[in-house]
Amino acid sequence: PLAEATARLALHEKLADEGLEDRLKAAYPSEFAGLYLEHTPQHRLVIRMRGGHWPDVKRHIRTPGLAAIAQMRGARNSGAKLSKTMAEAIRLLDRQGLKADVQIDAMANEVQVLATDPRPVIAAFAKAPGDFTALRVKKVAALAKPTAIIGGGEWLSTCTSGFGVR
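One structure accompanies this document, and this report is about it.

Scoring rules and cut-offs
Residues numbered from 1 in each chain as written. Predicted model: local features only at pLDDT ≥ 70, side-chain atom pairs only at ≥ 80, totals over all residues. Heavy atoms only, no water. Helix = DSSP H or I, 4+ residues; strand = E, 2+ residues; numbered from the N terminus. Pairing = 2+ DSSP bridges. Axes fitted to C-alpha atoms, helices over the stretch in contact; angles between N-to-C directions. Contact = heavy atoms within 4.5 Å. Right-handed = clockwise from strand over helix to strand, strands pointing away. Phe/Tyr/Trp six-rings, centres within 6.5 Å; stacked < 30°, edge-to-face > 60°. Buried < 20%, exposed > 50% of the residue type's maximum accessible area, 1.4 Å probe, protein only.

In this section: unusual backbone geometry. Thr 40 connects to Pro 41 through a cis peptide bond whose omega is 5 degrees. Its place among the elements puts Pro 41 in the loop between strand 1 (32-38) and strand 2 (44-50).

Here we take up the sheet that holds strand 4 (residues 101-105). Strand order across the open sheet formed by three strands is 4-5-6, with mixed pairing between neighbours. In this open sheet, the two strands that pair with only one neighbour each are strand 4 and strand 6 (135-139). Ignoring strand direction, the axes of neighbouring strands in this sheet form an average angle of 30 degrees. Pairing of strand 4 with strand 5 (residues 110-115), which is carried by five bridges, proceeds in the antiparallel orientation. Bridge pairing links Val 102 to Val 113 in strand 5. Packed onto the sheet, helix 4 (residues 79-96) meets strand 4, strand 5 and strand 6 and runs at close to 170 degrees relative to strand 4. The sheet contacts of helix 5 (residues 118-127) involve strand 5 and strand 6, and relative to strand 6 the element is tilted by about 165 degrees.

A few words on the pairing of strand 6. Two strands pair when backbone bridges link them, and strand 5 and strand 6 are joined in this way by five bridges, in the parallel orientation. When the sheet's bridge partners are listed, Leu 114 is paired in strand 6 with Lys 138. In this fold, the crossover linking strand 5 to strand 6 by way of helix 5 has right-handed handedness.

We describe a pair of aromatic rings using the distance from one ring centre to the other and the angle between the two ring planes. Under the definition given, this model contains one aromatic pair. When the ring of Phe 125 is compared with that of Phe 132, the centres are 4.9 Å apart and the planes differ by 65 degrees; the resulting orientation is edge-to-face. Of the two residues, Phe 125 and Phe 132, both sit in the buried class.

Treat this as a map of the structure, not an account of what it does.
Here it is, written out as structure tokens:
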């Protein structure tokens, strides 16, 4: 178990160092939907792409250990669409004076709006112009409160491959 954990951590570091996410965004702007490391049922690098025809994405992976565990999965929304939806959602929430946390969930391939009372948030998006088909509102017990920044893992281009604690 310790040797496996050490090997996985080393792969996380290699993923952060090689800049794969930035290369895939540049090479496939309308197809690339995100990537993440999955730990169960197996340890693998999951690369999400839109459409049924995927170019030879694995050729962009420079680290042999990562290429060996890479798996392609389909996605409904591109990463560019998710980023645009998130920015529009934040603007709408600000204009409406609604409090919520907003995040991109690469595994679910959606923008999540986390609210303690989702009803006014859902109503605001229902009335708003724009495409919010990639968005889901979820009820949470409390919003995140930044009291300290504690993190682990390695920085990718726009997120960490580790964890955050609030």
